Amino acid sequence: MGVINYVMSLGASVMMPIIFFIFGVLLGMGPSKSLKSGLSVGVGFVGLNVITQLLADNLGPAVNQMVKIYGLHLHTLDIGWPAASAVAFGTQVGAIIIPLGLGINILMLLTKTTQTLNIDLWNYWHFAFIGSIVSIATRSFLWGVFAATITIIVTLVGADRSQKKVEEFYGEDLKGVSLPQAFCVSFIPFAIAVNWIVERIPGLNKVDFDAKKLEKRFGLFGDPILLGVIIGIILGLLAKYPMAKTLQLGIILSAVMVLIPKITGMFIEGLNPISTRSQELVSKKFKGRTFNIGMTPALVIGHPTTLVVSLLLVPTILFLSVIVPGNEFLPLASLSGLIYIFPLVLPYTKGNVLRSFLVGLVSLVAGVLSATALASIFTSAVRMVQSNLIPAGTTSVASIDFAASPLAWIVYEFTANLTLVGPIVIAVITLGLMVWNRKKIAANDTKAAVKGTAKTVDAHSESLN
């Protein structure tokens, strides 16, 4: 437990470069290239942390001001994802989650029920979170392991099934890369459902603006650098800031809109050599099979649509939280992390700003209800693991990430509250997903093998000519 806690305490900015260095050496890239690749990822994490902290430091006070002005007070306090990760790694389930996750991943690779090798070890805390709250609720280590296992499998299947869309939407830089982060995977069904509904609404289905089209259509007014200023000013006016402070908020949000995409480029720089080398080895050693590297969604959170929609959702979800029936959770501390809803949404909406906004809206309404439902066990878990994270006078806490994830709520409810029937049902569903994924992988591998054979024949014919 002490070793695991020490490794995780290093943070993603230290842990992920070490992982990349080791992985690069094992792939035969050599120490120097592996080190540069790892350090690029580490620098990317540091830069991203600096910018997201800048966003949180300036967005937080504006949000708190809006809460006071408009009386947006609810029973359950948002204490952010650090509390959730502390709970996740502070239990027996959290202590074994990395070897457990890697073991399940390797077993699924061997049985061809996944084609993703998930090296995003930092985000294993999502698996640990569900396992931890289930183990605390049931007072059973084994039920916690069961819940974590279900989450790991579902996440890997979701990463596999979304990989081609990720590659098509984000471009060649993410060739052979998947995003097996449980929070992101949770919102794929919402993206599919909202897209399906919008396609069948006359007029609405014709609205087609992504970030590039906005900039092309509206010129400077569609440019992220000005959109950031506009959104910042709107938030400042809603918070009834003085004009000087409103303008400052606008410039800061503009800086965030511009700098996050540039910083995420560091992740791509570090990832590309690993990805290229992995694909080369796979094509040589495992002919007829394809593998993907599971990486952090931080690679793609700099997309302009993600940033625009996330900032627009801040005031929207604040006011909706008050009127959603049954909700007791007011998102505050986690609002700067809304960008992590969209990495696997945009490939399905094709970056359409309206559709992405609607998906985010529906996801957050479901999310605040999920956080409300999990608030009791979340609070109990925080009190047990690290009680100082609960502010004095607060009786109920939660966070958007990972308590506002529908996947977290479903796995928890089926495992902890539905006695034996729930675990059986969710185990059968998960097994069905594995079988379905295996069939899809086999079909894709067959197509890849046929293409490879065709290329070989063409090359041979050319050489003869």
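Thresholds applied
Residues numbered from 1 in each chain as written. Predicted model: local features only at pLDDT ≥ 70, side-chain atom pairs only at ≥ 80, totals over all residues. Heavy atoms only, no water. Salt bridge = Lys/Arg side-chain N within 4 Å of Asp/Glu carboxyl O. Helix = DSSP H or I, 4+ residues; strand = E, 2+ residues; numbered from the N terminus. Buried < 20%, exposed > 50% of the residue type's maximum accessible area, 1.4 Å probe, protein only. Pairing = 2+ DSSP bridges. Expected span 1.5 Å × (residues − 1). Contact = heavy atoms within 4.5 Å. Bend = angle between axes of the 7 residues up to and from the residue. Phe/Tyr/Trp six-rings, centres within 6.5 Å; stacked < 30°, edge-to-face > 60°. Axes fitted to C-alpha atoms, helices over the stretch in contact; angles between N-to-C directions. Parallel < 35°, antiparallel > 145°, perpendicular 65-115°, else oblique. Left-handed = near helix turned anticlockwise from the far one by under 90°. Nonpolar A, V, L, I, M, F, W, Y, C, P; charged D, E, K, R; others polar. Core = buried A, V, L, I, M, F, W, Y, C linked by side-chain atoms within 4.5 Å. Patch = residues over 30% accessible without salt bridge, like charges linked within 9 Å, V, L, I, M, F, W, Y side chains within 5 Å. Areas by Shrake-Rupley, 256 points an atom, 1.4 Å probe, with all protein chains shown as cover.

S.K.: Quick question: what am I supposed to make of the pattern of salt bridges here?
M.R.: A pair can form between side chains of opposite charge whenever their charged atoms are brought close. On inspection of all chains with the given rule, the structure shows one salt bridge. With a closest N to O distance of 2.8 Å, Glu199 and Arg355 form a salt bridge. Residue Glu199 is found in helix H9 (residues 188-199), and its partner Arg355 is found in helix H15 (residues 353-386); the two are separated by 156 residues along the sequence. We classify Glu199 as partly exposed; its relative accessible area is 41%.

S.K.: I keep staring at the sheet that holds strand E5 (residues 329-330) and nothing clicks. Help me out?
M.R.: Backbone-to-backbone hydrogen bonds pair the strands of a sheet. The strands run either parallel or antiparallel. Spatial strand order, E5-E1-E6: three strands in an open sheet with parallel pairing. The open sheet has two edge strands with one neighbour each: E5 and strand E6 (397-398). Of the strand pairs in this sheet, strand E1 (residues 76-78) and E5 are connected by two bridges, and their pairing is parallel. Across the sheet, the residue bridging to Leu77 is Leu330, located in E5.

S.K.: Before we go on, may I ask you to explain helix H2 (residues 12-26) in this structure?
M.R.: Structurally, the α-helix is built with 3.6 residues per turn, so residues lying three or four positions apart point the same way. Here H2 contains 15 residues, and its C-alpha end-to-end distance of 20 Å stays within 8% of the 21 Å for a straight helix at 1.5 Å per residue. Ala12, Met15, Met16, Pro17, Ile19, Phe20, Phe23 and Gly24 are the residues of H2 that are buried.

S.K.: Just to check I follow, could you spell out the environment of Leu312 for this structure?
M.R.: Position of Leu312 among the secondary structure elements: in helix H13 (residues 304-323). What makes Leu312 partly exposed here is its relative accessible area of 33%. Considering only alpha carbons, one finds Leu312 and Ile234, 78 residues apart in sequence, at a separation of 9.5 Å. Other than its neighbours up to four places away in sequence, Leu312 contacts Ile231 and Phe357.

S.K.: Sorry if this is basic, but what is going on with helix H3 (residues 31-70) here?
M.R.: In a regular helix each residue adds 1.5 Å, so 40 residues correspond to 58 Å; H3 covers 57 Å between its end C-alpha atoms and thus fits that length. At Leu59, H3 shows its strongest bend, of approximately 25 degrees, with the proline Pro61 following within four residues. Immediately beyond the C-terminal end of H3, within one or two residues, lies Gly71, with a positive phi of roughly 65 degrees.

S.K.: When you look at the packing of aromatic side chains in this model, what are you seeing that I'm missing?
M.R.: Each pair of aromatic rings is reported with the distance of its centres and the angle of its planes. The full count for this structure, using the stated rule, is 12 aromatic pairs. Judged by centre distance (6.1 Å) and plane angle (75 degrees), the rings of Phe129 and Phe402 are edge-to-face. Linking Phe129 in helix H6 (residues 125-138) with Phe402 in the loop between E6 and helix H16 (406-417), this pair joins segments that are 273 residues apart in sequence. Judged by relative accessible area, Phe402 falls into the buried class, the value being 0%. Members of the aromatic cluster, connected to one another through ring pairs, are Phe129, Phe183, Phe187, Phe190, Phe378 and Phe402.

S.K.: Would you mind going over the packing of H3 against H13 with me for this structure?
M.R.: Axes are the key here: two packed helices are described by the angle between their axes and the distance separating the axes. Packing of H3 against H13 brings their axes to within 11 Å, and their N-to-C directions diverge by 30 degrees. By the angle class used here, H3 and H13 are roughly parallel. Crossing handedness for the pair H3 and H13: right-handed. Residues Leu55, Leu59, Val63, Met66 and Tyr70 of H3 touch H13, and the partners they reach there are Leu311, Val314, Leu318 and Phe319. Residues of the contact of H3 with H13, tallied by class, amount to nine nonpolar, no polar and no charged.

S.K.: Just to check I follow, could you spell out the packing of helix H7 (residues 141-170) against H16 for this structure?
M.R.: Interhelical geometry of H7 versus H16 gives an angle of 140 degrees and a closest axis separation of 10 Å. As for the relative orientation of H7 and H16, their crossing is right-handed in sense. Between H7 and H16, the contacting residues are Trp143, Phe146, Ala147, Ile150, Thr151, Val154 and Thr155 on the first element and Leu407, Val411 and Thr415 on the second. Here the contact of H7 with H16 is built from residues that sort into seven nonpolar, three polar and no charged.

S.K.: It is not clear to me how the nonpolar core should be interpreted in this structure. Could you clarify?
M.R.: For soluble globular proteins, the rule of thumb is that nonpolar side chains tend to be buried together. Judged by nonpolar contacts, the single largest core of 135 residues is most densely connected at Met16, Ile97, Phe129, Leu299 and Phe378. At 13 residues, the largest contribution of residues to this core is made by H15. If we skip the residues at most four places from it in the chain, Ile97 touches Phe89, Tyr124, Phe127, Ala128, Ala148 and Ile152.

S.K.: Explain the sheet that holds strand E2 (residues 116-118) here, please?
M.R.: Spatially, three strands are ordered E2-E4-E3 in an open sheet, and the strand pairing comes out parallel. Pairing within the sheet leaves two strands with one partner each, and these edge strands are E2 and strand E3 (177-178). Pairing of E3 with strand E4 (residues 292-294) involves two bridges; the strand directions are parallel. From the neighbouring strand, Ser178 faces E4, where its bridge partner is Gly294.

S.K.: I keep staring at unusual backbone geometry and nothing clicks. Help me out?
M.R.: When glycine is set aside, most residues are seen to have a negative phi, and most peptide bonds are trans. Here the bond from Asp401 into Phe402 is cis, since omega is 25 degrees, no more than 30 degrees from zero. For Lys112, which is not glycine, the phi torsion reads 60 degrees and is therefore positive. Summarising the element assignment, Lys112 is placed in the loop between helix H5 (92-110) and E2. When its relative accessible area of 34% is taken as the criterion, Lys112 is described as partly exposed. A positive phi angle, close to 55 degrees, is found at Lys350, a residue other than glycine. Along the chain, Lys350 falls in the loop between helix H14 (346-349) and H15. On the basis of relative accessibility, which here comes to 63%, the residue Lys350 falls in the exposed class.

S.K.: Honestly, the environment of Asn49 in this entry has me stumped. Any pointers?
M.R.: Structurally, the position occupied by Asn49 is in helix H3. When the C-alpha positions of Asn49 and Ser356 are compared, they lie 24 Å apart, and in sequence the two are 307 residues distant.

S.K.: So what exactly am I meant to see when it comes to a nonpolar patch on the surface here?
M.R.: Where nonpolar side chains cluster on the molecular surface, the patch consists of Tyr6, Leu10, Val14, Ile18, Phe21, Ile22, Val25, Leu26, Leu35 and Leu39 and spans about 900 Å² of accessible area. Those elements giving two or more residues to the nonpolar patch turn out to be H2 and H3. Among the elements that make up the nonpolar patch, the one with the highest residue count is H2 (six residues). For Leu39, the location among the structural elements is in helix H3.

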